[in-house]
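A structural walkthrough
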Amino acid sequence: HDTFETVEYKKESFDGIWASASLLHVVREDMIDVLNKLHSFLKPDGTLYVSYKLREEDFSDGMRQFTCYTEESFKELIDKTSLQLMELEVTKDTRVGRDDELWINAYLKK
């Protein structure tokens, strides 16, 4: 059972990686290393999609940790990685009863 911190693939294995609502469970201290690891798995010009809850503060629901970003703090994070921000969009959660929850959606390039 691998985590983003432990998973290993051959360098430049993927054209794209889809990490929808999953990297938000990586602790903040490990996020740069995990994003750089995913960068290494992408082929040249590969794309990484990520999404995080749009919040000022990280939180826990008792079982899982949630690492959250604002648009500004997310851009600052990406500036510390090997990835390039191509597109960033804020959307509402589409699940019933969650329309007050906002998400950062980003497309990143190698």
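A few points on the structure. The shown structure was predicted, so the numbers you read here are calculated from the model rather than taken from an experiment. (Residues numbered from 1 in each chain as written. Predicted model: local features only at pLDDT ≥ 70, side-chain atom pairs only at ≥ 80, totals over all residues. Heavy atoms only, no water.)

Of the regular secondary structure elements, the protein chain holds two helices and six strands. Overall, the protein chain shows an N-to-C arrangement of helices and strands of β-α-β-β-β-α-β-β. Computed over the C-alpha atoms, the radius of gyration of the protein chain is 14 Å, within 12% of the 13 Å expected from 2.2 N^0.38 for a compact globule of 110 residues. Oriented by its inertia axes, the alpha-carbon framework of the protein chain measures out at about 40 × 30 × 25 Å. Out of the 110 residues in the protein chain, the part that is buried amounts to 36%. Excluding contacts between residues fewer than 6 apart, the proportion of contacts in the protein chain whose partners are at least 24 apart in sequence is 64%. Entry remark: accessible area of the protein chain is about 6800 Å², with carbon and sulfur atoms responsible for 48%. Both charge centroids of the protein chain, one from 15 positive and one from 23 negative side chains, sit 4 Å from each other. (Helix = DSSP H or I, 4+ residues; strand = E, 2+ residues; numbered from the N terminus. Rg over C-alpha atoms; globule rule 2.2 N^0.38 Å. Buried < 20%, exposed > 50% of the residue type's maximum accessible area, 1.4 Å probe, protein only. Contact = heavy atoms within 4.5 Å. Areas by Shrake-Rupley, 256 points an atom, 1.4 Å probe, with all protein chains shown as cover. Lys, Arg positive; Asp, Glu negative; His and termini not counted. Charge placed at Lys NZ, Arg CZ, Asp CG, Glu CD.)

With respect to topology, four strands assemble into an open sheet ordered β1-β2-β6-β5, the strand pairing being mixed. Pairing within the sheet leaves two strands with one partner each, and these edge strands are β1 (14-19) and β5 (84-92). Averaged over all adjacent pairs, the angle separating strand axes in this sheet is 10°, with direction ignored. Contacts from helix α1 (residues 28-41) reach β1 and β2 (42-53) within the one sheet, and its direction differs from that of β2 by about 145°. The sheet contacts of helix α2 (residues 71-79) involve β2, β5 and β6 (102-109), and relative to β5 the element is tilted by about 155°. (Pairing = 2+ DSSP bridges. Axes fitted to C-alpha atoms, helices over the stretch in contact; angles between N-to-C directions.)

Quick look at α1 now. With 14 residues, α1 should reach 20 Å at 1.5 Å per residue; the first-to-last C-alpha distance of 21 Å fits that figure. For α1, the complete set of buried residues consists of Met31, Val34, Leu35, Lys37, Leu38, His39, Ser40 and Phe41. Against the buried residues of α1 lie β1, β2 and α2. (Expected span 1.5 Å × (residues − 1).)

These values are about where atoms sit, not about what they do.
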